[in-house]
Structures are given as C-alpha cells and as structure tokens.
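# Fold and geometry: a report
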Amino acid sequence: MTAGVKRRACLAALAGGPAAWLGLPAAAHAGGQLEEPLVDSVRTALSSAVADLAPPEPLFVTTEARLVYLRWLGAMSDRLRRSKPDWEVRRDFLQTVWYESKRAGLDVSLVLGLVQVESAFRKFAVSPVGARGYMQVMPFWSRTIGDGDAGKLFHMQTNLRFGCVILRHYLDRERGDLYMALGRYNGSRGKAPYPNAVFAAQRRWLFQDRSAEA
C-alpha cells in the first residue's frame, strides 16, 4: 500500500461493501492469507505448479481460436488503457493473465477482477500485511512452495503464476465453492465483502465475442 493511503481507509472500505472497495483504486486490499500446513503431496504438487516459468505464448489449435483470443485481447486492452497506458506493457500483462488463468483452470475475467480489487493493477503494490504484487501474494508462499526469494513476487509472471496456483488450490480445497475459495484467498473465509467485491469487479472483464454471433 502506498504511504498516502491509511489503514483506516481500507477498514472503511471493508465496512462499505464491494462498491466502497472498488472506489479505492490506490489501495492494496489483500488480507492476511493464513499460512496453513500442507501435506507433502500437496506441497510437491504446488511447488511443481509454480516452477519452470515459460514464456506465456498462447498456442492455438485452430485459426478461429487465435482470432477469438485476439478479439479478447483488443477488448481487454481498451478497458485497461487507463491503468496501463503503454501498449506493450498492457499486452504483455494481458497475455500473461490469459496464459496463467487458463493454465490453472480459472476464468480469466475472475482473475482480472481479483487483480483489480487486490492491487488496482499495480505491479509493486504492497499491502499492510505484506502481500505483494498484482495478486497480492503473501511472502510465506515463496518459502512454502517456491525457492524462498520473496522478491520474485514483484516479477509479473511469477506473481500471476503464484496467485493463480494458490487460488486454484483454495478452490480445490473448497470443493469448487468459489465464494469460500475467494474468502480463503483474502484471509476472510466465510465473510461476504471480499468475494462480493471480486464478483463485482469481474463483471467489467467479461467478454462476449460479438463476431462469433454474427
């Protein structure tokens, strides 16, 4: 969180519901993800899932699939322009979000909504509890399933990879209950403000391919 945003602003946003959260674009809203013990099999699986970052180059089976992706990229780029004015930065970010979301089996619009709520698309955002980067990943995850270097959480693909893998893990733990998984991601399991804020933000990033309907 930037120095100019006080903790009480975040608390006021929590009390005000999703609209209040979305009205504080400068804040990092991450709660305290709980460091929970992981059985060896889960730790190994998560460690494998975040390892070996490859260039997030989308691969498509058909030309039409590639065209759908390019139309999505164009639409999302227009919506993200105010947060990321530089085209190449915007393209690389969206391409990486798309790649990591698909890799983790998550809806891309959900991940974009989560990033909006967590960091307002700020690469170097830090919350009051120390969560870092776009998806506000807690540093303990670097020690638990990474190589121990929490500084890497400010690297775009590393942060998005960790965030998506962690959310997938929580979704599996909650047996597909996205509401509860989002609460666990934020450290507020069972409480409504955070999941509702993410769901509200997600609506901005939904994509309907009008060309396919023609």
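This section reports on the structure supplied with the text. Since the structure is predicted, the reported quantities are computational estimates derived from the model, not experimental observations. (Residues numbered from 1 in each chain as written. Predicted model: local features only at pLDDT ≥ 70, side-chain atom pairs only at ≥ 80, totals over all residues. Heavy atoms only, no water.)

What follows is about the packing of helix α4 (residues 63-80) against helix α5 (residues 87-104). One can describe the packing of α4 onto α5 by two numbers: an axis separation of 10 Å at closest approach and a directional angle of 125°. Compared by their axis directions, α4 and α5 come out oblique. The way α4 lies across α5 gives a crossing that is right-handed. Contact with α4, carried on its side by Tyr69, Trp72, Leu73, Met76, Ser77 and Leu80, involves Trp87, Arg90, Arg91, Phe93, Leu94, Gln95 and Trp98 of α5 and no other residues of that element. Split by residue class, the contact of α4 with α5 holds nine nonpolar, two polar and two charged. (Axes fitted to C-alpha atoms, helices over the stretch in contact; angles between N-to-C directions. Helix = DSSP H or I, 4+ residues; strand = E, 2+ residues; numbered from the N terminus. Parallel < 35°, antiparallel > 145°, perpendicular 65-115°, else oblique. Left-handed = near helix turned anticlockwise from the far one by under 90°. Contact = heavy atoms within 4.5 Å. Nonpolar A, V, L, I, M, F, W, Y, C, P; charged D, E, K, R; others polar.)

This part is about the side chain of serine 188. Secondary-structure assignment places serine 188 in the loop between α9 (178-186) and α10 (193-202). Setting aside chain neighbours within four positions, we find serine 188 in contact with Gly183 and Tyr194.

Following both chains from N to C, one finds helix α8 (residues 156-173) and α9 inclined at 130°, their axes separated by 8 Å at the closest point. Put simply, α8 runs oblique to α9. Crossing hand, α8 versus α9: right-handed. Contacts between α8 and α9 pair Gly163, Ile166, Leu167, Tyr170, Leu171 and Arg173 from the former with Leu178, Ala181, Leu182, Arg184 and Tyr185 from the latter.

Turning to the nonpolar core, a few remarks are in order. Ranked by size, the top nonpolar core spans 48 residues in total, and within it Trp72, Phe93, Leu112, Met135, Trp141 and Tyr185 carry the most contacts. Contributing elements (two or more residues each) for this core: α3 (40-50), α4, α5, α6 (108-119), α7 (140-145), α8, α9 and α10. The element contributing the most residues to this core is α8, with nine residues. When sequence neighbours within four positions are dropped, the list of residues in contact with methionine 135 reads Val111, Leu114, Val115, Glu118, Asn159, Leu160, Gly163, Cys164 and Tyr185. (Core = buried A, V, L, I, M, F, W, Y, C linked by side-chain atoms within 4.5 Å. Buried < 20%, exposed > 50% of the residue type's maximum accessible area, 1.4 Å probe, protein only.)

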